[in-house]
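Architecture at a glance
So you can see what is in the structure, the chains are spelled out below.
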Amino acid sequence: MTPIVLNLSIAAGQIRYDWTLDQVMELYQLPFNDLMFLAASIHRQNFNPNEVQVSTLLSIKTGSCPEDCKYCPQSAHYSTGLEKEKLIEIDQVIAQAKAALDSGASRFCMGAAWRSPTERDMPQVVEMVRQVKSMGLETCMTLGMLDQKQAQTLSDAGLDYYNHNLDTSPEFYGQIISTRTFGDRLATLQHVRDSGMKVCSGGILGMGEQQADRASMLIELARMEPQPESVPVNMLVRVPGTPMESAEDVDPFDFIRTVAVARIMMPASHVRLSAGRESMNDQMQSMAFFAGANSIFYGEKLLTTANPEANRDKELFRRLGIQPEGKATEVRVGSWTPENCPKNNNRFYDATMGKKEKSVN
Ligand code: SAM
Ligand code: DTB
Ligand code: SF4
């Protein structure tokens, strides 16, 4: 096998927008420990590795979505036994946002099973943003495709983040969704960016894609300038009734490799260990945090499927010495601080492990 060649700009975690498939596949093919060390080193140059950002998710409009995303329990194309609901009332949203705040979340994400919001829905959605924001929470929404005017309306209302996933590679995309294109997704993300909101975009592993598809999806995310502030890496939740109900398991190490590669390619982004944590054991989650995941959804439900119980997450954070980002941080002797961060005092973690530097340009 060709020895891995890492140039110092990769090891030092500088942001690059021009990754090639060969380079990313080289990262994937590193020995697991080398990849983990590189990702963890880059992670701690950019973030406190003992902090994880905590978001809470609420479905504000559930089911009967006209899109045919093969993974999704909310698509009207499949029978998943989901009760469809109308857009919920603002009072319900506020009650849930208060509970999220009380449980220590810093961001409140609202999701709707829409292809895109209609003009009729917008005033109610805007009011939700205003009221949740006024409670001191960061706000995030995922409502499907947006045109420029809708993105601007949401931004003006105070929406901080918009989530719209690429889901998979441009090459594999057509096997997963037929009702909107990869290009449609990129257009929405551009509208979000142009409106001044922060971009949250990632994908799903476990839909039958190859490793090259995962690499290709990460290349598409990393080439956005600026890169998305938030990158959710979802493990497929196999929901009975969807075409993906019997998809094959992802090797846990391959999943963690993808988290690590995302961390290396997008060093300043939050990488979210997103859907699928319910089926991951504590050891796998802790390894994902070590690889650079630094955001989770907290609370017993995602949009329609189960998430780990809040107490299990609290206990995991306690056992790992992790604190929610933005909350008072207890600094222990020997743990990461801004002062001992390798980026700030120029101490360089030798992620090349002494191998001779060679350019990968
Ligand atoms: N309808 C909007 C859209 O598609 O953009 C927003 C809601 S949609 C449920 C948000 C994201 O959830 C999807 O893009 C997909 O990445 C993720 N998702 C949906 N079903 C999932 C599943 N069964 N497992 C993992 N992720 C899933
Ligand atoms: C994302 O990437 N994952 C979240 C969020 N963005 C909106 C959604 C996960 C949904 C999992 C399936 C469900 O609960 O319906
Ligand atoms: Fe609809 Fe979003 Fe589900 Fe696709 S992922 S079916 S657009 S709710």
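Refer to the structure presented above.
Attention in this report is confined to the structure presented alongside it.

In the vicinity of ligand 1 there are 17 residues, among which Tyr71, Asn165, Asp167, Arg180 and Val237 approach most closely. Between ligand 1 and aspartate 167, the relevant distance is 2.7 Å, taken from an oxygen atom to a side-chain nitrogen or oxygen of the residue. Arginine 180 places a side-chain nitrogen or oxygen 2.9 Å from an oxygen atom of ligand 1. Burial of ligand 1 by the protein chains amounts to 91% of its free accessible area of 550 Å². Taken atom by atom, the bulk of ligand 1 overlaps the largest cavity.

Inspection of every chain in the model, using the stated rule, returns 3 aromatic pairs. Residues phenylalanine 289 and phenylalanine 317 carry aromatic rings whose centres are separated by 6.3 Å and whose planes lie at 80 degrees to one another, so their mutual orientation is edge-to-face. Of the two residues, phenylalanine 289 is situated in helix α10 (residues 282-290) and phenylalanine 317 in helix α11 (residues 310-320); the sequence distance between them amounts to 28 residues. Taken as a pair, phenylalanine 289 and phenylalanine 317 share a single burial class, namely buried. The ring of tyrosine 161 carries arginine 107 above its face, with NZ or CZ at 3.7 Å from the centroid. Looking at arginine 272, its charged tip hangs above the ring of phenylalanine 297, at a distance of 4.4 Å from the centre.

On to the side chain of arginine 107. When you line up the elements, arginine 107 lands in strand β2 (residues 107-112). Beyond its immediate stretch of four places on either side in the chain, arginine 107 contacts Gln53, Val54, Ser55, Thr56, Leu137, Glu138, Thr139, Cys140, Tyr161, Ser230 and Arg272.

Applying the stated criterion to the full structure yields 16 salt bridges. Put simply, aspartate 102 and lysine 98 hold a salt bridge, and the shortest N to O gap is 3.2 Å. One end of the pair is aspartate 102 and the other is lysine 98, both in helix α4 (residues 90-102) and 4 residues apart, which spans about a single turn. Using a relative accessible area of 57% as the deciding quantity, one classes aspartate 102 as exposed. In this structure, glutamate 127 engages arginine 130 in a salt bridge whose closest nitrogen and oxygen atoms are separated by 3.7 Å. Placement of the pair is glutamate 127 and arginine 130 together in helix α5 (residues 122-134), with a separation of 3 residues, close to one helical turn. According to the relative accessible area criterion, glutamate 127 is partly exposed, its value standing at 28%.

With that out of the way, let us pick up the site of ligand 3. Near ligand 3, the surroundings consist of Cys65, Glu67, Cys69, Tyr71, Cys72, Ser75, Ala113, Trp114 and Arg180. When its residues are assigned to classes, the shell around ligand 3 shows 6 nonpolar, 1 polar and 2 charged.

Moving on, we come to the packing of helix α3 (residues 32-46) against α10. At their nearest, the axes of α3 and α10 sit 8 Å apart, and the two run at 60 degrees to each other. Judged on the interaxial angle alone, α10 and α3 are oblique. Between α3 and α10, the contacting residues are Phe32, Met36, Ala40 and His43 on the first element and Met287, Phe289 and Phe290 on the second. Along the lines of polarity and charge, the residues of the contact of α3 with α10 split into 6 nonpolar, 1 polar and no charged.

Once that is clear, we can look at the pairing of strand β9 (residues 293-297). Taken across its 5 residues, β9 has 5 buried, putting it largely inside the fold. Pairing geometry for strand β1 (residues 51-61) and β9, over 3 bridges, is parallel. Counterpart to valine 54 in the pairing with β9 is isoleucine 296. As judged from the 3 bridges shared by strand β8 (residues 270-273) and β9, these two strands associate in the parallel manner. If you follow valine 271 over to β9, its bridge partner there is alanine 293. Crossover β8 to β9 through α10 is right-handed.

The rules behind each value
The written sequence of each chain sets the order in which its residues are numbered from 1. Each chain takes a letter, starting from A, and each ligand takes a number, starting from 1, following the order in which they are written. A pLDDT threshold of at least 70 governs which residues receive local features in this predicted model, and a stricter bar of 80 or more applies before side-chain atom pairs are shown or counted, although totals over entire chains, interfaces and linings include all residues. The side-chain values count all of the structure's non-hydrogen atoms but skip hydrogen atoms and water molecules. To be near a molecule or strand, a residue needs just one of its heavy atoms within 4 Å of it. We call two N or O atoms a polar contact when they sit within 3.5 Å, provided that within protein one can donate a hydrogen and the other can accept it, with sequence-adjacent residues counted only if both atoms are side-chain atoms. Surface exposure here means Shrake-Rupley accessible area, sampled with a 1.4 Å probe, where a residue is shielded only by the protein chains that are shown. A cavity here means a set of points on a 1 Å grid, drawn over the protein atoms and nothing else, where a 1.4 Å probe fits but cannot get out; a pocket is an open set with protein on both sides within 12 Å along at least five of seven lines, and a residue lines either one if it has an atom within 4 Å of a point. Just a note on the criterion: a molecule sits in a pocket or cavity if more than half of its atoms are within 2 Å of the grid points. To pair, rings of Phe, Tyr and Trp, with the six-membered ring standing in for Trp, must have centres within 6.5 Å; the planes then decide the type, stacked if under 30 degrees apart, edge-to-face if over 60, and tilted in the middle. Put simply, DSSP marks the helices as runs of H or I at least four residues long and the strands as runs of E at least two long, and each gets a number from the N terminus on. Exposed residues in this analysis have more than 50% of their type's maximum accessible area, buried residues have under 20%, and partly exposed residues fall in between, with area computed by a 1.4 Å probe over protein chains only. In this scheme, Lys NZ or Arg CZ marks a charge over a ring once it lies within 6 Å of the ring centre and within 35 degrees of the ring normal. In what follows, residue pairs with any heavy atoms lying within 4.5 Å of each other are defined as contacts. For salt bridges, the criterion is a side-chain nitrogen of Lys or Arg within 4 Å of an Asp or Glu carboxyl oxygen. Residues are grouped as follows: nonpolar covers Ala, Val, Leu, Ile, Met, Phe, Trp, Tyr, Cys and Pro; charged covers Asp, Glu, Lys and Arg; every other residue, Gly included, is treated as polar. To get an axis, a line is fitted to the C-alpha atoms, and for a helix only the part in contact is used. The angle between two axes follows their N-to-C directions and goes from 0 to 180 degrees. Orientation is classified from the angle alone, with under 35 degrees giving roughly parallel, over 145 giving roughly antiparallel, 65 to 115 giving roughly perpendicular, and any other angle giving oblique. Any two strands with at least two DSSP-identified bridges between them are counted as paired. Crossovers are described as right-handed under a simple rule: with the strands pointing away from the observer, the path leading from the first strand over the helix to the second runs clockwise.

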